[in-house]
Amino acid sequence: MKLTRRTLLKLTGGMTAAAAFGPSAFAGGMPAPFDKPGVKIALVRYLSTGDFFQAYLSGVEAQAKALKADLHVFDSRQDAALQADMMDQAIALGVKGIVVQHGLTESMQAAVKRALDAGIKVVAFDVNVKNPQVPQVEQSDRDLARLALEQAIRDNGESFKAGYVYVPGIAPLDRRDETWQKFKKKYPGIQEVAQFGTLDNPIANSVANQARSVLQAHPDITVMFAPYDEFAKGVKIAVDEAGLNKQIKIYSADVSTADISAMREKDSAWAATAATNPAVVGEVSVRALAMLLAGEDPGHNVIIPPTLITRKFLNDNDIRNMEDLAKKMPQFAHADVAVPKWMPLPPRG
Amino acid sequence: MNDKKQQDATGIPAAGRAKPALSGIDFAIRYGFLILLAGLLIFFSMATSGFASPRSAVFIFQSVAITGILALGVTFTLVVDGFDLSIGSTATSALMLSAYVLVVWEMNAYVAVAACLAMGALIGLVNGLLIVKTKVPDLLATLGMMFLLVGLQRIPTQGRSIATGMHLPDGSVARGTFPPEFLALGRHRLDFFIPDLIPLSVVILVVIAIAVWLILERTRHGRLMYAIGSNERAAALAGVNVARYKIVAYMISGVLASIGGILLAARLGRGDIASGNNLLLDSVAAALIGFAVLGAAKPNAFGTAIGALFVGILLQGLTMMNAPYYTQDFVKGAVLVVALVFTFALTGRRGKQ
């Protein structure tokens, strides 16, 4: 109890001082509570399997390290009820702030409310917790889809026959779908002759089987819009197997080291992808939380802008992996989002 | 279920049991599923353009090659009245292992294939020993193995997929690639009247299916396995080394699952982390549908192959007709239920007559 009161005192003191002198007046340049190392924060995850979530975690860890914060990771592995329980565990642990990564609105809304009532700051990534006190960190899925589709139109003109890979009910895919529907209205020459998609594991293999059937039924398709990289991988396998890799172009969203090598293969049909760097998304999530803890306002919607990555760019710059990409594409390595002057940034390789 | 099995799994081929004149219901039991399959083929050929073509037929075989091979493996364990829940994760572990050998250790395709087969055999051996020696029930032992493998395959890469150019935990870059001779396993196509028609994976499926059929139906070992499945005690009293046959069944299952994983890796060209649960469910479904083919009412190689094809044809046809994925799951489930009714209700009635 004593400890809490002392910390609280420090926090209030820090905030008053911050108002008086500005953040730079502090030792080490950091406002309370980050003027002392070891601020306890938690990451409560719903999804964790896969390259994207692994990279997201590495971003969270890197930014927490730069802030010298004490990060605790709770991983509910797609168990919504467990994720809500983990919020309570984090509260019991006495953390100062929590990043909620994915989850279901229904189960997290109340849990987030409990944390806020306990005086804990919360930011949410890709889950709408419907609370004005909680900043929502998002990668802009609509922009992702827009960038990829604009490139498709630059490459293929305003009318083409397209195959579309989509599974409804997945929030980011639904948001990407909105953009696709808008594009189809805007460009009546785009003809969607087939829609397919599955999340059966391993996704790429299942999608490849479907795409093979689709290509058999519609051999005149020239553009495949697969706004999720696992989908794109599957479509690419099918296109290669059908020997149509010179006729068809694939446009997707998201990127990973494996995707980069697939895009760079000889005569690869995978023309472009739009992506935000998941590690950057992780860093921004922690920075937004740190701003809240320091008494600043990161804004209600913290949006990380996506980048367009074309096959040509990868080849021209001989990019082999995510690290190369970050070096050659500064806007991909770092997002100028939630960066007040005092914020320490993770080192860049 | 057990008494039925005892009648039907006597080791006498199904044809030998047929009554002189086939009644209507017998005919339905024996040929109903094959007729349904033919009906589906005709329906899809008329409903979609491009379904009825040699290439389309090859796609179907290719799409079921991996689950088909896994299903043939699980058939072995079903024959000895066991079950292998770990085949899906064995396959994805082989996928990761082959990628690790090729990309991280930069060894050649032969080492990768040998390592995967050895791993499959080892997993089967452990499964078999758990079940036979420590008396853990088959479902539970293989369930445990499934979880163990799902976790194990992620430990070396800290949960990431394996691809050329990835950063290793020690900071270096993985430079190995999937060599062409490995990728050929999943991608090379043989000429068969039409150039570049039949993928190697399909050839592997057909060879394995014929081999499994021969072992189970035409050798003493296969009949002893059926005997163990129908009455383990009787088989043991008759002098069969039950423990050894059971362990061998799980080892075959593990090896076939790892072959499926190798083909998957060769097709994907990368080490994707995946739980393999769908592979498990699809292949178990194929093996169970197989019970109904020709009224066998027992696990059998021919039925398993037809079961896998049946699911493949349905999915290919539905996808070509733009049916969304959830209807495909629904149809898959419906086929399975119908097949199980064929097996248990209709065949059961015949047994009582």
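Residues numbered from 1 in each chain as written. Chains lettered and ligands numbered in written order. Predicted model: local features only at pLDDT ≥ 70, side-chain atom pairs only at ≥ 80, totals over all residues.

(A) Molecular detail of the sheet that holds strand E2 (residues 70–75) of chain A. All names here are of chain A. Reading across the sheet, the six strands line up as E2-E1-E3-E4-E5-E11 and stay open at both edges, with parallel pairing between neighbours. Looking at strand neighbours, the two that pair on one side only are E2 and strand E11 (301–304), the edges of this open sheet. On average, each strand axis in the sheet is inclined to that of its neighbour by 20 degrees, with strand direction left out of account. Pairing between strand E1 (residues 40–45) and E2: six bridges, direction parallel. When the sheet's bridge partners are listed, Leu-43 is paired in E2 with Val-73. (Pairing = 2+ DSSP bridges. Helix = DSSP H or I, 4+ residues; strand = E, 2+ residues; numbered from the N terminus. Axes fitted to C-alpha atoms, helices over the stretch in contact; angles between N-to-C directions.)

(B) How the structure looks around the interface of chain B and chain A. On the side of chain A, 31 residues touch chain B, which itself brings 33 residues to the contact. Those elements giving two or more residues to the side of chain B that touches chain A turn out to be helix H4 (54–79), helix H12 (242–268), helix H13 (277–292) and helix H14 (301–320) of chain B. Considered class by class, the residues forming the side of chain B that touches chain A number 11 nonpolar, 17 polar and five charged. (Contact = placed C-beta atoms within 7 Å. Nonpolar A, V, L, I, M, F, W, Y, C, P; charged D, E, K, R; others polar.)

(C) Representation of the pairing of strand E3 (residues 97–101) of chain A in the model. Residue and element names in this part refer to chain A. Burial analysis of E3 places five of its five residues in the buried class, which makes it a mostly covered element. As defined by bridge partners, E1 adjoins E3 across five bridges and the pair is classed as parallel. Following the sheet pairing, Val-44 is matched in E3 by Val-100. Relative to strand E4 (residues 121–125), E3 runs parallel, the two sharing five bridges. Directly across from Val-99, in E4, lies its bridge partner Val-123. (Buried ≥ 20, exposed ≤ 12 C-beta atoms within 10 Å, placed from the backbone.)

(D) How the structure looks around the confidence of the model for chain A. Residue and element names in this part refer to chain A. In this model, chain A carries an average pLDDT of 88, and 91% of its residues clear a pLDDT of 70 or more. The secondary structure element of chain A with the lowest average pLDDT is helix H1 (residues 2–21), at 47, and the one with the highest is strand E8 (residues 223–226), at 97. Confidence over residues 11–27 falls short of pLDDT 50; this stretch has 19 contacts with residues more than four positions distant or in other chains. (pLDDT = per-residue confidence, 0-100.)

(E) Quick peek at the nonpolar core. If you look at the biggest cluster of nonpolar residues, it comprises 173 residues, and the most contacted ones within it are Ala-148, Phe-225, Val-235 and Ile-250 of chain A together with Leu-70 of chain B. Sorting elements by how many residues they give to this core places H12 of chain B first, with 17 residues. The residues touching Leu-70 of chain B, leaving out its near neighbours within four places in the chain, are Ile-87, Ala-91, Leu-256, Ala-257, Gly-260, Leu-279 and Ser-283 of chain B. In terms of nonpolar packing, the next biggest core, distinct from the first, is built from 57 residues, Met-30, Val-60, Val-122 and Ala-279 of chain A among them. (Core = buried A, V, L, I, M, F, W, Y, C linked by C-beta atoms within 7 Å.)

(F) The packing of helix H3 (residues 80–93) of chain A against helix H4 (residues 105–117) of chain A, seen in detail. Residues and elements named next belong to chain A. Two numbers describe how H3 lies on H4: the axes approach to 9 Å, and their chain directions differ by 5 degrees. Here H4 runs roughly parallel to H3, going by the angle between their axes. Contact residues: H3 offers Ala-80, Ala-81, Gln-83, Ala-84, Met-87, Asp-88 and Ile-91, while H4 offers Ser-107, Met-108, Ala-111, Val-112, Arg-114 and Ala-115. Taken together, the residues of the contact of H3 with H4 break down into nine nonpolar, two polar and two charged. (Parallel < 35°, antiparallel > 145°, perpendicular 65-115°, else oblique.)

(G) Region of the structure containing the packing of helix H3 (residues 24–47) of chain B against H14 of chain B. Residues and elements named next belong to chain B. Orientation of H3 relative to H14, taken along the N-to-C sense of each, is 20 degrees, at an axis distance of 11 Å. Compared by their axis directions, H3 and H14 come out roughly parallel. The chirality of how H3 crosses H14 is left-handed. Here H3 contributes Leu-37, Leu-40, Leu-41 and Phe-44 to the contact with H14, which in turn contributes Phe-310, Ile-313, Leu-314 and Gly-317. Considered class by class, the residues forming the contact of H3 with H14 number seven nonpolar, one polar and no charged. (Left-handed = near helix turned anticlockwise from the far one by under 90°.)

(H) How the structure looks around the sheet that holds strand E9 (residues 249–253) of chain A. Residues and elements named next belong to chain A. Spatially, the six strands line up as an open sheet ordered E7-E6-E8-E9-E10-E12, and their pairing is mixed. Looking along the sheet, the strands with just one partner apiece sit at the ends: strand E7 (190–196) and strand E12 (307–310). Averaged over neighbouring strand pairs, the angle between their axes works out to 20 degrees when direction is ignored. As defined by bridge partners, strand E6 (residues 160–165) adjoins E8 across three bridges and the pair is classed as parallel. Residue pairing in the sheet places Gly-163 in a bridge with Met-224 of E8. Sheet strands touched by helix H5 (residues 141–156): E6, E8, E9, strand E10 (270–275) and E12. Its angle to E9, the strand with the most contacts, is close to 165 degrees.

(I) Spotlight on the confidence of the model for chain B. Residues and elements named next belong to chain B. In this model, chain B carries an average pLDDT of 86, and 92% of its residues clear a pLDDT of 70 or more. Across chain B, the element-wise mean pLDDT spans from 44 in helix H1 (residues 2–8) up to 96 in helix H6 (residues 109–132). Segment residues 1–19 is flagged for pLDDT under 50; beyond a separation of four residues in sequence, or across chains, it makes 25 contacts in the model. In the predicted complex, the global pTM is 0.78; the interface-specific ipTM is 0.74.

(J) Region of interest: unusual backbone geometry. Residue and element names in this part refer to chain A. With an omega of 0 degrees, the peptide bond running from Ala-32 to Pro-33 counts as cis. With respect to the element layout, Pro-33 can be found in the loop between H1 and E1. One non-glycine residue, His-102, adopts positive backbone phi at about 60 degrees. Residue His-102 is classed as buried on the basis of its C-beta count, with 21 C-beta atoms lying within 10 Å. One non-glycine residue with positive phi stands out, namely Ala-338, at about 55 degrees.

(K) Looking closely at the environment of Leu-144 of chain A. All names here are of chain A. Checked against the element boundaries, Leu-144 lands in helix H5. Note: C-alpha distance between Leu-144 and Ser-252 (108 residues apart in sequence) is 8.7 Å. Every residue in contact with Leu-144, bar those within four places of it in the chain, is listed here: Gln-139, Arg-176, Ala-253, Ala-274, Ala-275 and Pro-306.

(L) The domain arrangement of chain A, seen in detail. Residue and element names in this part refer to chain A. Annotation of chain A at the domain level lists domain 1 (37–139 + 278–305) and domain 2 (141–275). Relative to domain 2, the C-alpha centre of domain 1 lies at a distance of 31 Å. On the domain 2 side, the residues contacting the five residues of domain 1 number seven residues. Broken down by class, the residue content of the side of domain 1 that touches domain 2 amounts to two nonpolar, one polar and two charged. (Domains from an automatic or database assignment.)

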